[in-house]
There are 2 protein chains.
Amino acid sequence: MPLLMLKDLPRYECLLEASREFPDLDPSATEVFLHLLRAGDEAFRVVEAHLAQHEITQGGFSVLMALWGQCQREGRELPLSPAALAERTGVTRATMTGLVDTLERDGLVRRAPDREDRRMMTVELTPRGERKLLKLLPDHFRQMAWLMAPLSETERKTFVRLLTKLLRRAGENDGRPAPETAVAAVVAGR
Amino acid sequence: MPLLMLKDLPRYECLLEASREFPDLDPSATEVFLHLLRAGDEAFRVVEAHLAQHEITQGGFSVLMALWGQCQREGRELPLSPAALAERTGVTRATMTGLVDTLERDGLVRRAPDREDRRMMTVELTPRGERKLLKLLPDHFRQMAWLMAPLSETERKTFVRLLTKLLRRAGENDGRPAPETAVAAVVAGR
DNA sequence: CTTTTTTCGTTAGCCGCCTAACTATTCGCC
DNA sequence: GGCGAATAGTTAGGCGGCTAACGAAAAAAG
């Protein structure tokens, strides 16, 4: 999620001024939005760069976490199907094929055909994958803790509350026929 | 910035429990981090999907905004170099080449050699590009306003304050020799 | 005035993400 | 039992991000 607008966030006065030209521009909403995207991107890059030191990508890490979280909960080594992994990590099945390809090439994960349903595959952590995960997790946790260190416990609670509100709102968007505007209709009728 | 962890955010109790196994895991820090990335991603996807209805990508939009913001401020039509665009939008020059390629192919932007410095190019909005931007901006502004509607003005101020704290913290990361750990040295010595 | 260093834009190649289409298999309904 | 509908995984092709390397041009150093 790189930018969506400019690297240097606009000052509030500029937004206020622009809102005179564009009545639809809500200055405070825009300010929050831009800060949110920028902060999310920065936080993402910090962790991505850190994971890169362990020679693993963000996507690969997500898959390992999904597999490992699974085996933690279920006692031991319940492999998951690519479709289940895609669902849990929020990518398409096609994307998951590529991610598992890479992880399998690196020997962190193993594919095997499902015994009961011959359409399906199972994906599970290899011992090497588990070792790698256990080795990088403490660093990853420290990284998150370092990043959040400037926030007090109270601020963190508030932060999570606000983020949850937004998350819920964004979730309403699924299947929504676009905001009150004729554009969607025009595009659809193309 | 897709996932970095699981789509369904872990409950706080699970984080607490995990922190017993991993002393480095700060439950509240992790919770904020995961919510931030998820919320940023969701907000990004909402707007990206909306821009797609106008047949423009997030990257292309950023470039148009940079060019337009420039001509707004400078009176009229100061073109920018690819390097300046890259700097302002936070991508590499190589990426900017691709973005400008696409925009030029679509006729929204025009390249021309710089008269004074023969290494450089200039990129400027075409009339079509400006029309497109002016047409989609109101929708874009409405989208942001809709997304932030659940937050009161007070909450927005708080939100921006917290996000700014994080932004500053993430900025400290540039050039930092990784958090107190031996991993970086190991990798570097490889 | 030459030589070295820096800067510019581009290219090549990798990865992750998407959609659309395809094959194979299973499910559900007659 | 058989046949259409749904599902699993993959493939193909596109875009956007990155790094590394390049040639051309300008700037700095000598």
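Predicted model only: the values in this text are computed from it and were never measured. (Residues numbered from 1 in each chain as written. Chains lettered and ligands numbered in written order. Predicted model: local features only at pLDDT ≥ 70, side-chain atom pairs only at ≥ 80, totals over all residues. Heavy atoms only, no water.)

This part is about the overall build of chain A. When helices and strands are tallied, chain A shows eight helices and two strands. What you see in chain A, going N to C, is helices and strands ordered as α-α-α-α-α-β-β-α-α-α. For chain A, the proportion of contacts with a sequence separation of at least 24, taken over those separated by at least 6, is 50%. For chain A, the computed accessible surface area is about 9400 Å², with 52% contributed by carbon and sulfur atoms. (Helix = DSSP H or I, 4+ residues; strand = E, 2+ residues; numbered from the N terminus. Contact = heavy atoms within 4.5 Å. Areas by Shrake-Rupley, 256 points an atom, 1.4 Å probe, with all protein chains shown as cover.)

When the parts come together, some accessible area is lost, and that loss is often what is quoted as the size of the interface. Counting residues at the interface gives 94 residues for chain A, matched by 94 residues for chain B. Together chain A and chain B conceal approximately 8900 Å² of surface at their shared face, both sides included; 70% is due to carbon and sulfur atoms. Across the chain A-chain B interface, the total number found is eight salt bridges. Note that D24 of chain A and R142 of chain B form a salt bridge whose closest N and O atoms lie 3.0 Å from each other. Scanning the region where chain A abuts chain B turns up 14 residue pairs in polar contact (both at pLDDT 80 or more). Counting only elements with at least two residues in the side of chain A that touches chain B, the list comes to α1 (12-21), α2 (27-53), α3 (58-73), α4 (82-89), α6 (127-148), α7 (153-172) and α8 (183-188) of chain A. Here the side of chain A that touches chain B takes 21 residues from α2 of chain A, the largest share from any one element. Among the residues forming the side of chain A that touches chain B, the class breakdown is 50 nonpolar, 19 polar and 25 charged. (Buried area = accessible area lost by both parts, 1.4 Å probe. Salt bridge = Lys/Arg side-chain N within 4 Å of Asp/Glu carboxyl O. Polar contact = N/O pair within 3.5 Å; in protein donor to acceptor, adjacent residues only side chain to side chain. Nonpolar A, V, L, I, M, F, W, Y, C, P; charged D, E, K, R; others polar.)

Looking at where E31 of chain A falls in the secondary structure, it is placed in helix α2. Setting aside residues no more than four positions away along its own chain, E31 of chain A makes contact with Y12 and L15 of chain A together with K157 and V160 of chain B.

Each packed pair of helices is defined by two parameters, the angle between the axes and the distance between the axes. Taken N-terminus to C-terminus, the directions of α7 of chain A and helix α2 (residues 27-53) of chain B make an angle of 30°; their axes are 9 Å apart at the nearest point. Classified by the interaxial angle, the pair formed by α7 of chain A and α2 of chain B is roughly parallel. In the crossing of α7 of chain A with α2 of chain B, the sense of the turn from one axis to the other is left-handed. Residue-level contacts link E153, R156, K157, F159, V160, L163, T164, L167 and A170 of chain A of α7 of chain A to S28, A29, E31, V32, H35, L36, R38, A39, E42 and V46 of chain B of α2 of chain B. Partitioning the contact of α7 of chain A with α2 of chain B into residue classes produces 10 nonpolar, three polar and six charged. (Axes fitted to C-alpha atoms, helices over the stretch in contact; angles between N-to-C directions. Parallel < 35°, antiparallel > 145°, perpendicular 65-115°, else oblique. Left-handed = near helix turned anticlockwise from the far one by under 90°.)

Around DNA strand D sit 26 residues, and of these P82, A83 and R93 of chain A together with T57 and T95 of chain B come closest. A share of 67% is what sugar and phosphate atoms reach among the atoms of DNA strand D within 4 Å of the protein. One of the backbone N or O atoms of T92 of chain B is found 2.9 Å from a phosphate oxygen in DNA strand D. Of all the elements in the fold, those that place two or more residues in the surface near DNA strand D are α4 and α5 (93-105) of chain A together with α5 (93-105) of chain B. (Near = heavy atom within 4 Å.)

With that out of the way, let us pick up the side chain of H35 of chain B. Along the chain, H35 of chain B turns up in helix α2. Looking at H35 of chain B, its side chain comes within polar contact range of the main-chain oxygen of E31 of chain B, at 2.9 Å.

Residue and element names in this part refer to chain B. Among the structural elements, T89 can be located in helix α4 (residues 82-89). On a C-alpha basis, the gap between T89 and V63 in space is 7.0 Å, while along the polypeptide they are 26 residues apart. Polar contacts involving the side chain of T89 include one to the main-chain carbonyl oxygen of L85, which spans 2.7 Å.

Moving on: the pattern of salt bridges. Inspection of every chain in the model, using the stated rule, returns 26 salt bridges over all chains. Between D117 of chain A and R119 of chain A there is a salt bridge; the shortest N-O distance is 2.8 Å. Given the relative accessible area of 74%, R119 of chain A is considered exposed. Several salt bridges converge on common partners, so that one network encompasses D24 of chain A together with D139 and R142 of chain B. (Buried < 20%, exposed > 50% of the residue type's maximum accessible area, 1.4 Å probe, protein only.)

With that out of the way, let us pick up the relation of the copies chain A and chain B. For the pair chain A and chain B, the best superposition has an RMSD of 0.1 Å and corresponds to a rotation of 180° with a translation of 0.0 Å parallel to the axis. On the angle and the small slide along the axis, the relation comes out as a two-fold axis. A share of 100% of the interface residues of chain A reappears at the interface of chain B, consistent with the copies meeting face to face through the same patch. (Least-squares fit on C-alpha atoms with pLDDT ≥ 70 in both.)

We now examine the nonpolar core. With 97 residues, the main nonpolar core has F33, L36, L85 and F159 of chain A together with F33, L36 and F159 of chain B as its most contacted residues. Ignoring sequence-local partners within four residues, the contact set of L85 of chain A consists of V63, A66, L67, L80, M96, V100 and V123 of chain A. (Core = buried A, V, L, I, M, F, W, Y, C linked by side-chain atoms within 4.5 Å.)

Here H140 of chain A lies in helix α6. As for H140 of chain A and E48 of chain A, which are separated by 92 residues in sequence, their C-alpha atoms are 9.9 Å apart.

When pLDDT is low, close inspection of the predicted coordinates is not appropriate. Residue and element names in this part refer to chain A. Mean pLDDT over chain A stands at 83; residues scoring 70 or higher make up 83%. Element-level pLDDT for chain A is lowest in α8, with a mean of 40, against a maximum mean of 95 in α5. Within the model, pLDDT remains below 50 along residues 177-190, and this stretch shows 13 contacts once partners closer than five positions in the same chain are excluded. (pLDDT = per-residue confidence, 0-100.)

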